[in-house]
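Observations on the model geometry
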Amino acid sequence: MTVMSYLGAIGAAQREAMDADERVIIIGEDVEANVYGTTGGGKSRSDKGDFLQRYGKNRIRNTPISEEGIVGAAAGAAMTGLRPIVDLSYSSFLYMAMDQFVNQVAKNRYMFGGQASMPVVFRSAMFYGLNTGAHHSDRPYPMFMNVPGLKIIAPATPSDAKGLLRSAVDSDDPILSFEACLLWSAKEDVDENEFWVPLGVARTARVGTDVTVVAISSSVPEAVAAAEELAKEGVSVEVIDPRTLVPLDRDAILRSVAKTGRLVVAEPAHRTCGAAAEISALVAEEIFDSLKAPIIRVTAPDMQIPFSPSLEKQMYPTKVTIAAAIRRVVDLPALQPVAAAV
Amino acid sequence: MAELARDTLREMQLRMLRIRAFDERASKMVKRGHIPGTVHTSIGQEAQVVGATMALGAGDYMSGNHRSHGHPIGKGSPLGPLMAELVGKATGVCKGKGGSLHLADFAVGSLGESGIVGSSIPIANGAALSSKVLNNGKVALAFFGDGAANQGVLYESMNMAGVWDLPMIFLCENNQYALSTPAHTVTSGIISERAAGFGMPGIRVEEGQDVLAVYDAVSKAVARARAGDGPTLVEVMTYRYNEHSEGLRLGTDYRNAEERDAWLKKDPIMLFRHYLASHGFSDDELDGLQATALAEVDAAVAFSDASPYPDLSVAFDDLYTDKESAA
Ligand SMILES: Cc1ncc(C[n+]2csc(CCOP(=O)(O)OP(=O)(O)O)c2C)c(N)n1
Ligand SMILES: [Mg+2]
């Protein structure tokens, strides 16, 4: 075990994948100079340009700022023998390539009757919570969950970031990885040997019996912190991190809620048609009779993200807003009025 | 141009005849309701399609657009599974899940036709990238229309191909209309001249109904690509005889009769027949090619007719490589 940051773990997974398979290449804007910190040394954001020296310009490719062209070329390359990892830097830029994601990447295998396989990973960072205003603060993974043919991961810990990325690179299907910048500096012990976290398998971040909180991406540590608070009042909270949003580990979610009878879903995306909405509907459809209280979603509101730090901080789920939701489903009195984000 | 082998010349005419016969039959089948939806024919554009596809090697890649049947036929894809795909049969080249707009035959390097104008251009560019990274000597070609030439993704792709010296050919089928819109009313300047801005050769084939002229231009681009010297933009001037799509009735006459008549006089199959006749091909042999193409199309329709429709469960296959991931 070695202490790795979330970002360092991504770099380590990329290095392992590049070493393991010559067909893996990294393309994206500014990857040669390691501007986003995952094409440098293994452990942290250091050793600028290290990947370039190690793998050369043929496999580490700086691109022009042409997201549509990049995503399409990566798809074509994946259909013809490469296994590209595409670094799209911020998730907000995925929209530039929407046609390629939706019409080519997601549909080609299906439309062509299985002739195409699409072994490509599109990584992007959700840059919210950093006071960068509405053009850089998106958490757009639910839009892509609505596109059959894409697989979606949203790791919340360094170990998952490493292990899921390895599985993503090894997968023959196209995968979008949404990485929360708020987690970049999170550190934990990570196995420095190769390991793979399987796609579609949730992680139980905390075991409990009274309430299930399904939390996504940066809401996972917030949910765990809320659970620890509630434990002091005798409420036992189970926290489930799906880790993969497509395919979703429905069984793990249903099993937990069947046990606890109460569900709170927390995520940093917008409320309407979000992952939380999908998970809520799943539970309501499948195990309505197990529910002892209404399901509560804790999400970002259906509102754009304001720039001012004083405004932005109320937009995403926090341990306070998640704890307030938990209190409601177990009928504890509210501690204080919680205005936002519920 | 180097002298072409007799077999190559013969094959060129046969492939053009195949496309014509296939599309004429497909047109009828749409009108009779035997093909669901619609199709876009390449009738009139056979020289442009075959000149380009035959300049490619068997292992080379291509992507195409909605005017979609000629490309795989020109690349050598058998007609039966293509026709069955148009009808929506289980034996279709895409198992009945693509249809006319999404023909693909990876066995001949056809990486797929696209219903979204311009969208498949970067796919071929990516195939050229993989060829470059894997150093396997393959070349890729993207077919697109004069209408698609105004999509931004073309220029993103040309820039990347240029800066990376990709073995890539951008082939603009300039049939002078995008649906009802005359190209000159929406296109600033000459399409092939845009290549200069990306530091790559731009070639305009004015005699785009002459299969040898197209073959010659694309062969040069292929040779350049294979030598590692990078991409080329080839614009071929041509004309579609039929309406934009079969069954479409616009009620406006956006093309005039004189224009059409002038192009009909330069019919690619007729022109090449004259050429072949003056180069040692007998009338019998040339008639035989025509008969062969028609018989192949008859056989393709018979193959389709005899094929079952897909099992309903097929709709739920092939989304991912594993079935469990599909909801
Ligand atoms: C992105 C997109 N916009 C519009 C259309 C509708 N459409 C289909 S074909 C076509 C004309 C295309 O013209 P061109 O590229 O010149 O090809 P041609 O049909 O002439 O072969 C249009 C507008 C589409 N399919 N995709
Ligand atoms: Mg056109």
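Residues numbered from 1 in each chain as written. Chains lettered and ligands numbered in written order. Predicted model: local features only at pLDDT ≥ 70, side-chain atom pairs only at ≥ 80, totals over all residues.

Identification of chain A as Alpha-ketoacid dehydrogenase subunit beta from Cryobacterium gelidum is taken from an unreviewed UniProt entry. Recorded in UniProt for chain A, the comment headed Cofactor (unreviewed entry) runs: "thiamine diphosphate". (UniProt positions renumbered as here; feature names shortened; annotations may be inferred.)

Scanning chain B from terminus to terminus reveals eleven helices and seven strands. By the compact-globule yardstick of 20 Å for 327 residues, chain B fits well, its C-alpha radius of gyration being 19 Å. Expressed along its principal axes, the backbone C-alpha trace of chain B runs to roughly 55 × 50 × 45 Å. For chain B, with 327 residues in total, the buried portion stands at 54%. Counting contacts in chain B only where the partners sit at least 6 residues apart, residues at least 24 apart contribute 74% of the total. (Helix = DSSP H or I, 4+ residues; strand = E, 2+ residues; numbered from the N terminus. Rg over C-alpha atoms; globule rule 2.2 N^0.38 Å. Buried ≥ 20, exposed ≤ 12 C-beta atoms within 10 Å, placed from the backbone. Contact = placed C-beta atoms within 7 Å.)

Once that is clear, we can look at the confidence of the model for chain A. Residues and elements named next belong to chain A. With 96% of its residues at a pLDDT of 70 or more, chain A shows a mean pLDDT of 95. For chain A, helix α2 (residues 50-55) is the element with the lowest average pLDDT, namely 91, and strand β10 (residues 211-215) is the one with the highest, namely 99. Across residues 42-48 the pLDDT falls below 50, and counting only partners more than four positions away or on other chains, this stretch makes 19 contacts in the model. (pLDDT = per-residue confidence, 0-100.)

A separate point is the site of ligand 1. Close to ligand 1 lie 15 residues, the nearest being Val117(B), Gly145(B), Gly147(B), Ala148(B) and Ala178(B). Along the lines of polarity and charge, the residues of the shell around ligand 1 split into six nonpolar, six polar and three charged. (Near = placed C-beta within 6 Å. Nonpolar A, V, L, I, M, F, W, Y, C, P; charged D, E, K, R; others polar.)

Counting residues at the interface gives 38 residues for chain A and 33 residues for chain B. For the side of chain A that touches chain B, the secondary-structure elements that each account for two or more residues are α3 (67-79), α4 (98-105) and α5 (108-111) of chain A. At nine residues, α3(A) tops the list of elements feeding residues into the side of chain A that touches chain B. For the side of chain A that touches chain B, the class distribution of residues is 13 nonpolar, 18 polar and seven charged.

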